[in-house]
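Observations on the three-dimensional arrangement
What follows is each chain in one-letter form.
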There are 2 protein chains.
Amino acid sequence: MTDILEANDRIAVGNAEVFGKNRNLVLNLMSSPGAGKTTLLEKTAEIFRGELRLGVITGDVETSRDAQRLRKHKLPVVQLTTGSACHLDANMITYALPHIDLKKIDILIIENVGNLVCPAGFKLGEDYKIMMLSVTEGDDKPLKYPRMFRESSLVLINKIDLLEYTNFSLKEAKANVRKVNPKMDIIDISCTTGEGISDWIAWLNQHYQKKFGTEART
Amino acid sequence: MTDILEANDRIAVGNAEVFGKNRNLVLNLMSSPGAGKTTLLEKTAEIFRGELRLGVITGDVETSRDAQRLRKHKLPVVQLTTGSACHLDANMITYALPHIDLKKIDILIIENVGNLVCPAGFKLGEDYKIMMLSVTEGDDKPLKYPRMFRESSLVLINKIDLLEYTNFSLKEAKANVRKVNPKMDIIDISCTTGEGISDWIAWLNQHYQKKFGTEART
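Residues numbered from 1 in each chain as written. Chains lettered and ligands numbered in written order. Predicted model: local features only at pLDDT ≥ 70, side-chain atom pairs only at ≥ 80, totals over all residues. Heavy atoms only, no water.

Next up on the list: the pattern of salt bridges. All names here are of chain A. Tallied over the entire structure, the rule returns 24 salt bridges over all chains. One salt bridge connects Glu126 with Lys129, and the closest N-O pair in it is separated by 2.9 Å. The residues Glu126 and Lys129 share a single accessibility class, namely buried. (Salt bridge = Lys/Arg side-chain N within 4 Å of Asp/Glu carboxyl O. Buried < 20%, exposed > 50% of the residue type's maximum accessible area, 1.4 Å probe, protein only.)

Laid out in structure tokens, this is it:
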């Protein structure tokens with residue numbers, strides 16, 4: 001297992017070099033199944049039109065439904081179907097790269113397989129890992145699946161429009177996030193009402209500038 | 001990997017023999033994180049009081065929060081903490097058995113790690129696999145994670161009290177379940193309102209009788 005992870009990390013370093021040359025900020029977006037990753041990407045695509053250019057690599061065990069949804073928003077999308085694998089690995093990303101024109105993308109979001117355990121173990125070449133936690137999953141998830149929260153830089157707490165219908169406590173959830181990762185950025189959002197999406201967009205812009213400076217791309 | 005699975009299946013057969021001798025109906029309950037497995041067990045414990053006797057083995061990556069919740073309901077509970085493993089396997093169950101008095105249990109529910117991919121590959125010695133799918137996860141999940149739905153005998157569609165706040169279609173979800181598993185039993189439930197819980201209890205009683213007949217336990 002250690003050998004597999006070391007080999008994966010070497011390939012991830014190669015991917016990161018390719019992304020750097022192409023001026024791509026790369027985010028590895030992880031969550032439970034159905035937390036709202038694809039809907040977030042749809043919303044982000046709507047709002048980003050004309051500014052920084054988005055691209056997506058999306059991983060699923062089976063089907064290309066997510067890619068179909070995203071293509072309607074005119075996003076460059078590559079669908080990876082993992083078969084029985086419960087996570088993406090660096091090598092799968094390497095295979096995807098020839099199928100997407102990285103020169104035409106500023107921010108590449110890799111939508112991982114819906115799973116709170118295994119994806120955390122595999123670097124893909126990303127700049128940041130991002131967690132999405134939906135209100136309907138319960139506020140105890142950061143403690144029950146700590147590794148993923150520990151390794152992420154941002155958690156998006158999604159479906160806050162459903163807060164009043166659940167026993168989810170935002171305060172408790174944030175305290176639990178801080179217990180496993182005191183430095184985590186936290187943004188509350190609802191992909192249904194649009195609340196908080198502008199904060200997420202601001203986070204993306206800030207982190208793009210942090211990597212590449214404010215100079216315009218040519 | 002094949003060797004690991006074969007070894008697992010051999011151990012599962014041994015577990016099943018132990019369960020048969022002790023007159024236990026054994027169910028492997030699987031879902032995404034936060035779909036409501038522990039809440040269902042709490043509800044079931046309340047209603048079952050005095051009838052068939054429940055016991056639980058619960059698996060989590062970290063923490064013993066689920067066991068703590070269930071012990072409040074006076075259920076016999078064993079907590080398995082898997083560390084980095086994203087699923088339970090037959091050997092973990094074998095280790096749990098000395099810690100639970102199977103002679104005092106009629107129905108043993110094994111609450112698997114929240115994950116829609118890997119748990120399906122590992123038999124534990126159960127009579128039936130049961131899926132829980134919550135409304136807030138989306139109606140496309142049976143197609144995106146087909147193996148787990150294919151191998152289960154019953155799917156509980158949970159959180160139907162939230163139907164009106166989501167774009168989840170019960171009709172579409174059931175059609176998707178039938179596409180991957182035409183024989184699946186389907187029960188709609190809400191652990192919050194209690195709707196459908198009596199149908200779930202009836203399913204448990206029927207399947208206990210199917211395995212052991214109607215004769216009373218001595």
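Don't stop here, the text continues.
All names here are of chain B. In terms of residue burial, strand β5 (residues 128-134) counts as a mostly covered element, since seven of its seven residues are buried. Here β5 shows a buried face lined by Tyr128, Ile130, Met132 and Ser134 and a second buried face lined by Lys129, Met131 and Leu133. Sheet topology places β5 next to strand β6 (residues 154-158); five bridges connect them, and they run parallel. Counterpart to Ile130 in the pairing with β6 is Leu154. (Helix = DSSP H or I, 4+ residues; strand = E, 2+ residues; numbered from the N terminus. Pairing = 2+ DSSP bridges.)

Note: a rotation about an axis with an accompanying shift along it relates these two copies of the chain. Rotating chain B by 180° and moving it 0.0 Å along the rotation axis overlays it on chain A with an RMSD of 0.0 Å. The two molecules are tied by a two-fold rotation axis, judged by turn and shift. Both copies present the same face, since 100% of the interface residues in chain B are matched by interface residues at the equivalent positions in chain A. (Least-squares fit on C-alpha atoms with pLDDT ≥ 70 in both. Contact = heavy atoms within 4.5 Å.)

Per-residue pLDDT for chain A averages 94, and the proportion of residues at 70 or more is 97%. Reported confidences for the modelled complex are a pTM of 0.92 and an ipTM of 0.88. (pLDDT = per-residue confidence, 0-100.)

This next bit is on the side chain of Thr38 of chain B. Residues and elements named next belong to chain B. Within the element layout of this structure, Thr38 appears in helix α2 (residues 37-48). On the basis of relative accessible area, Thr38 is assigned to the buried category, the value being 5%. Excluding residues within four positions of it along the chain, Thr38 makes contact with Asp66, Arg69, Leu70 and Glu111.

Further remarks concern the interface of chain B and chain A. Of the residues lining the interface, 29 residues belong to chain B; the matching set on chain A comes to 29 residues. Summed over both partners, the interface of chain B with chain A buries about 2,500 Å², with 57% contributed by carbon and sulfur atoms. Counting across the chain B and chain A interface gives four salt bridges. Residues Lys144 of chain A and Asp60 of chain B are paired through a salt bridge, measuring 3.6 Å at the closest nitrogen-oxygen approach. Our enumeration of links across chain B and chain A arrives at seven residue pairs in polar contact (both at pLDDT 80 or more). Taken together, the elements giving at least two residues each to the side of chain B that touches chain A come down to α3 (65-71) and α5 (141-144) of chain B. Grouping the amino acids of the side of chain B that touches chain A by side-chain chemistry returns 13 nonpolar, seven polar and nine charged. (Buried area = accessible area lost by both parts, 1.4 Å probe. Polar contact = N/O pair within 3.5 Å; in protein donor to acceptor, adjacent residues only side chain to side chain. Nonpolar A, V, L, I, M, F, W, Y, C, P; charged D, E, K, R; others polar.)

The next thing to look at is the sheet that holds strand β6 (residues 154-158) of chain A. Residues and elements named next belong to chain A. As summarised here, the arrangement of the seven strands in space is β3-β2-β4-β1-β5-β6-β7, forming an open sheet in which the pairing is parallel. Of all the strands in the sheet, the pair left with one neighbour each is β3 (77-81) and β7 (185-188). On average, adjacent strands in this sheet sit at an angle of 20° to one another, irrespective of strand direction. For strand β1 (residues 25-31) and strand β4 (residues 107-111), the ladder comprises five bridges, and the chain directions are parallel. Considered in β4, the bridge of Asn28 is made with Ile110. (Axes fitted to C-alpha atoms, helices over the stretch in contact; angles between N-to-C directions.)

Moving on, we come to helix α8 (residues 197-212) of chain B. An α-helical turn contains 3.6 residues, so a residue and the one three or four places further along point in the same direction. Residues and elements named next belong to chain B. Across its 16 residues, α8 extends 23 Å between first and last C-alpha, which sits within 8% of the 22 Å expected from 1.5 Å per residue. Three or more residues of α8 are buried, namely Ile197, Trp200, Ile201, Trp203, Leu204, His207, Tyr208 and Phe212. Seen from one end, α8 has its buried residues packed into an arc of 155°, which puts them on one side. In α8, the exposed positions angled more than 90 degrees off the buried face are occupied by Ser198 and Lys210. Once α8 ends, the next one or two residues include Gly213, with phi positive near 75°. (Expected span 1.5 Å × (residues − 1). Arc of directions from axis to C-beta.)

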